[in-house]
Amino acid sequence: MKEMKRKMGIIIKEVSSKTDLEDVLALREEVFIEEQGIDPALERDSYDQAAVHVLAQEGSKVIACGRVIFNDSYGKIGRVAVAKSWRKQGIGRKICQKIIAIADERNCSRLVLEAQVDAVDFYRKLGFETNGDIFQEAGIEHIKMTATL
Ligand SMILES: CC(C)(COP(=O)(O)OP(=O)(O)OC[C@H]1O[C@@H](n2cnc3c(N)ncnc32)[C@H](O)[C@@H]1OP(=O)(O)O)[C@@H](O)C(=O)NCCC(=O)NCCS
């Protein structure tokens, strides 16, 4: 019951303000740089300006995020992160489902991503399949995954 109440106040939305984007970047810093030890020089990149960002908010606090970069033939999902204390409650799935819905609205028929190997089953449950071999990126093992919409 307590968990249900906690979840009921969560809003999932597309980022539309500079403040929201700053909150997203702060959460990514917490998860990818502080928790996972990724090089800060690699975490933010030039795609952040062109990407569509999605966030989950509980009250005024940003608790999860993700982004998608569209080109002519596909969308690339990245930087999916849920604050540590909010994991395993379906919020990461909601972030990806929102991204999938945005891709669908844009008539994008293919989504790709580079999954951390530990997160492969999370993305499998969302309809993604692995392609190719495992590779290292930012010191972490990754594998490419694709979903057809
Ligand atoms: C990976 C991550 C985004 C998952 O978010 P989450 O909110 O905990 O995931 P959800 O609760 O929405 O999980 C949805 C389903 O995937 C499963 N799942 C979640 N994380 C998983 C993992 N690491 N491995 C296997 N299954 C996982 C859940 O058990 C759930 O399954 P169910 O529907 O059968 O109950 C989150 O753990 C995270 O932010 N990790 C750190 C950053 C990171 O590694 N990002 C991914 C970069 S590629």
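On a predicted model such as this, the values are computed, not experimentally measured, just so you know. (Residues numbered from 1 in each chain as written. Predicted model: local features only at pLDDT ≥ 70, side-chain atom pairs only at ≥ 80, totals over all residues. Heavy atoms only, no water.)

**Observations regarding the environment of Ala 147**
Next up, step 1: With respect to the helices, strands and loops of the structure, Ala 147 is situated in strand S7 (residues 140–148).
Next up, step 2: Relative accessible area serves as the criterion here: at 5%, Ala 147 is assigned to the buried category.
Next up, step 3: Residues Ala 147 and Arg 124, 23 residues apart in the sequence, show an inter-C-alpha distance of 9.2 Å.
Next up, step 4: Look past the residues within four positions of Ala 147 in its chain and what remains in contact with it is Ser 109, Arg 110, Leu 111, Gly 127 and Phe 128. (Helix = DSSP H or I, 4+ residues; strand = E, 2+ residues; numbered from the N terminus. Buried < 20%, exposed > 50% of the residue type's maximum accessible area, 1.4 Å probe, protein only. Contact = heavy atoms within 4.5 Å.)

**Notes on the UniProt feature "domain: N-acetyltransferase" (unreviewed entry) in the protein chain**
Next up, step 1: In the UniProt entry, the feature "domain: N-acetyltransferase" (unreviewed entry) is given for residues 10–149.
Next up, step 2: As a span, residues 10–149 carries 33% helix and 39% strand, and end to end its C-alpha atoms are 26 Å apart. (UniProt positions renumbered as here; feature names shortened; annotations may be inferred.)

**Some words on the pattern of salt bridges**
Next up, step 1: On inspection of all chains with the given rule, the structure shows 12 salt bridges.
Next up, step 2: Among the ionic pairs, Glu 35 bridges to Arg 87, the shortest N-O distance being 2.8 Å. Of the two residues, Glu 35 is situated in helix H2 (residues 18–35) and Arg 87 in the loop between strand S4 (75–82) and helix H5 (91–105); the sequence distance between them amounts to 52 residues.
Next up, step 3: Residue Glu 35 is classed as partly exposed on the basis of its relative accessible area of 36%. (Salt bridge = Lys/Arg side-chain N within 4 Å of Asp/Glu carboxyl O.)

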